[in-house]
Amino acid sequence: MKIRTTLTALLVLLGLYNSIAQSELTLAGTWQLRLDPTDEGIRRHWWSEPFPDTISLPGSLTEHGKGNEVTLQTPWTGDVVDSTYFFSKSYQSFREGDLKIPFWLKPVNYYAGPAWYRRQVDIPAGWKKQRVVLNLERCHWKTMVFVNGQFAGSQNSLVAAHQFDLTNLLQAGRKNTITIRVDNNTQVYIGQNSHSISDHTQTNWNGLVGNLSLRSGNLTALDEVQVYPNISQKNIRVTVGFSQPRNQTFSGKLLMQVRSLQNSRSTLPQQVKAIKLTAENTTLETTYSIPSPQLWDEFSPNRYELSLVVVGNRADTISRKKVTFGMREIGTKGTRITVNGRPVFLRGDVDCAAFPLTGYPPTDYKHWKKIMRTLKEHGLNHLRFHSWCPPEAAFQVADELGLYLYVESPSWANQGSAVGAGGLVDDFIYQESERMLKAYGNHPSFCMMSYGNEPAGVNQGNFLGKWVLHFKARDARRLYTSGAGWPMLPENQFHIHSDARIQRWGEGLASIINRDKPRTDYDWRTIIRPSKVPYISHEIGQWCVYPNFDEMAKYTGVLKPTNFEIFRQTLQDQGMGDQARDFLMASGRLQTLCYKADIEAALRTPGFGGFQLLGLHDFPGQGTALVGALDVFYEPKPYTSKSEYSQFCNATVLLARLDKLVFQTNESVKAAIEIAHFGAHELTNQTVSWSVTDDQSKVLVQGKLNKERVHIDNAQPVGLINVDLSSIKEPTRLTLTVQLVNSAVKNSWHLWVYPAGLRADAAVGNVLIAHSMTDEVVQRLEQGATVLLLPYGRIAPDKGAQVKIGFSTVFWNTSWTMGQPPHTLGLVCNPKHPALAHFPTESFSDYQWHDVVSHAQPMILNEFPKRFRPVIQPIDTWFENRRLALAFEGKVGKGKLLVCSVDLETDLSNRPPARQLKYSLLRYMNSDLFNPEQALDTPLIRQLLTSSASDRW
């Protein structure tokens, strides 16, 4: 009996010790749930009664199947720019039954409104007379908390944890009831397309995610700690916030110690500071010496940990806190951003908060490690968060990997919202900005900040100028600008603007990549010249690729790709389902070419600050913008690779300025080789090898260029290359390759060479060239003639003339841009087809097709037999999936017909690719290989043409 009594007493003491020692209680687990769609819970005091349903937290309503079925009346958060979905006959079947939507991913269910979460918690007896804080890491969006029926407060933030002091409400040693009301209705009209709240990307979710806990500590405690590195002084300035009960005085010591988080894990001396607190809230400032600081940047992301301990006069520990920081200073020098005094060139992606599996931003380290490591592997050093702020884990990973983050407060005040009106939006932006700095300001990766994205408002300049000045004075650890995209204000420490890219919004076929002949000698120096501060190019790229339907199997979470289901179904309905893979691969190779052109133009620009892609990965909303070399899961697509991408996007890139990429055999290739180098150190005594090879990898000519010193800069000349082409007799694709000897730094460009003086019409032979289907042409065909029909300029408006084809692939997408051209994603062809035997090509568009498609009208073959395949087939926007052709062949009567809607007659002496294509078609048509199998009726062909171009009646 005595042994049992002693054991019982020991267990009681151990339990008491554990309850005292325990400083955090997780609230993860089962909660009671009640939805409040009519918002009656506050009026009816729901915090005082149990709820009928349950849910597991952390998580969202959608994750657990709570909410409503998606219907045509679902109150989405986000603009649906193309409203044709709601009335167009082409979408009718998708509006019925199992609803499918094309403009973003479809959640498995939807709920907008208040939701109440309730659970009981056993509070340890040892927490009596302790300060207890409820921590809700990520909420969406407004929370109200009740404890044991008493109101504990309300918070409204999209960027930082909601924390509530429950000290005076919780009862230690017994069960307590915590009730949380979460309302995901729009609380402040920050712009419904803001990625912090929009269904375009992360969805308008309702729930509580991340760390959900109760944290206890002494009533006298460390609160906010901010660390300000000073590299020149080899120290850090530390501001320390303390809190304690009213009318209390505390005397003790603050112990501070820094240790390296690198491999050495070295510890610096402890610093002791006597403190005396007399107020409820006190902020003290001190410095801590770091004699030989290891600096933080993209190449050496060295981190330190500052430990702070408050002890009382009896050496008892009162409070403790740890803060991670880096010795990093960001600034500007002229039009360059500098990190620790060294110029950097920002090579960035834009994260728009797209998380298909969860529908909300994951808060775990593993998820963000995958994203940011992938960015680094593709040669990027920078990530922008478009109108949202990521969770703590994202900053931690960026700190570790050395990624420069540009973070925005959670607003895209446009499309009905605005800044500068002096209302709730302006106030919310300031509040959220302050919360971001408080929560994440110590992270060395947090390098840049703005109000948000592309603002509206007549007073935006005044408001945002003051915003920049306020935060520059408030916290100089990062650079500030007014907004992404605009405005370019004198207060900005750097600008982000959209003029410096190869396709600007609304530019259509007038963009440099569609309008000008293929070349690589342009840059943006005249555009950025007026800027006195660094200029970052806004959302460059936006080049689309055809949907990858194999990707659909990855959507195992709360968002489903019904947009892909629509696009796949309409493709199958047109008889082209078997071509989906070909469309993906062909459009993907063109997309890669377009991104290479965009990025290299930026790297060629002297004094340029950098670029932000949109994007390296897909954007699932705004009509579905498949703009990534990676899918929305940050996983590769099959047509390119990180090794290819990082050749033209990296810290060191070799570049070639060529005034043309298409040549004739009586010309020379003249290339000025440059290097853009933003590595950790300058380079000396470098050698650049170069070669020109043919398609069989045979070296035609090669050489070496020497560079004695490579500075940290771009637009650095290496040398000139001059290659005579007179020895080439046949149309040929060449490859110019340059490489930094003894390194992985290399780059390459395709060059296209055509015989000078070639007369395409010399190959006419027995071919009859016609421009319309007159009765005479039809009669000749019926009698067995071979006819080349060239109907360029005569295609009927509803049969292809309305399809605007350009060289580039689709920009963003045709739905959100209201049909901005081009409407096509390049073309697909069989390079082994005998019609192309004298026109070297791969199965996709390269620069030799630029002149061809720039002088062409697509033909719509929807009424042709489903299995009919053109010789040259443009890839239509997936919103239409029309069967398009630039060239097709068939039998008409006893005759043989090839129709080509390219201009193969105008100014061919100055259009070598078009001349060569015509020659190749004619050679084919005069050969025994020209024997079309598909019989075509004359009316089927005539309906493609305008009435004046056919003999229809």
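Quick summary incoming for the structure in this document. Quantities reported herein were computed from a predicted structural model and do not represent experimental measurements.

### So, the overall build of the protein
In terms of regular secondary structure, the protein is built from 14 helices and 47 strands. Across the 953 residues in the protein, those meeting the buried criterion constitute 61%. Pairs at least 24 residues apart make up 73% of the contacts formed inside the protein by residues separated by at least 6 positions. Of the roughly 36,700 Å² of accessible surface on the protein, a fraction of 48% belongs to carbon and sulfur atoms.

### Things to note about the sheet that holds strand 21 (residues 336–339)
Read across the sheet, three strands follow the order 20-21-22 without closing on themselves; strand pairing throughout is antiparallel. At either end of the open sheet lies a strand with only one pairing partner, and these are strand 20 (330–333) and strand 22 (342–344). Taken over all neighbouring pairs, the strand axes of this sheet differ in orientation by 45° on average, direction set aside. Here strand 21 runs beside strand 22; their pairing, made up of three bridges, is antiparallel. Note that in strand 22 the partner of Val339 across the bridge is Arg342.

### Digging into the pairing of strand 44 (residues 872–876)
Successive residues of a regular strand alternate their side chains across the two faces of the sheet. The buried count for strand 44 comes to five of five residues, which makes it a mostly enclosed element. Of the two faces of strand 44, the one holding Ile872, Pro874 and Asp876 and the one holding Gln873 and Ile875 are both buried throughout. As judged from the four bridges shared by strand 42 (residues 824–829) and strand 44, these two strands associate in the antiparallel manner. Considered in strand 44, the bridge of Leu827 is made with Pro874.

### Here we look at the sheet that holds strand 3 (residues 53–57)
Strand order in this open sheet of six strands is 3-2-6-11-8-9, and the pairing throughout is antiparallel. Two strands in the sheet have a free side with no partner beyond their single neighbour: strand 3 and strand 9 (150–156). On average, each strand axis in the sheet is tilted by 25° relative to the strand beside it, whichever way the strands run. Here nine bridges tie strand 6 (residues 114–122) to strand 11 (residues 175–183), and the two strands are oriented antiparallel to one another. Bridge pairing links Val121 to Asn176 in strand 11.

### Quick look at the nonpolar core
Grouped together as the largest cluster of nonpolar side chains are 187 residues, with contacts concentrated most on Trp368, Met372 and Leu736. When residues in this core are grouped by element, the largest group, 13 residues, is from helix 9 (residues 580–604). Counting residues in each nonpolar core, the second largest holds 28 residues, with Trp31, Tyr111, Ile123 and Leu134 among its members.

Basis of the calculations
Residues numbered from 1 in each chain as written. Predicted model: local features only at pLDDT ≥ 70, side-chain atom pairs only at ≥ 80, totals over all residues. Heavy atoms only, no water. Helix = DSSP H or I, 4+ residues; strand = E, 2+ residues; numbered from the N terminus. Buried < 20%, exposed > 50% of the residue type's maximum accessible area, 1.4 Å probe, protein only. Contact = heavy atoms within 4.5 Å. Areas by Shrake-Rupley, 256 points an atom, 1.4 Å probe, with all protein chains shown as cover. Pairing = 2+ DSSP bridges. Axes fitted to C-alpha atoms, helices over the stretch in contact; angles between N-to-C directions. Core = buried A, V, L, I, M, F, W, Y, C linked by side-chain atoms within 4.5 Å.

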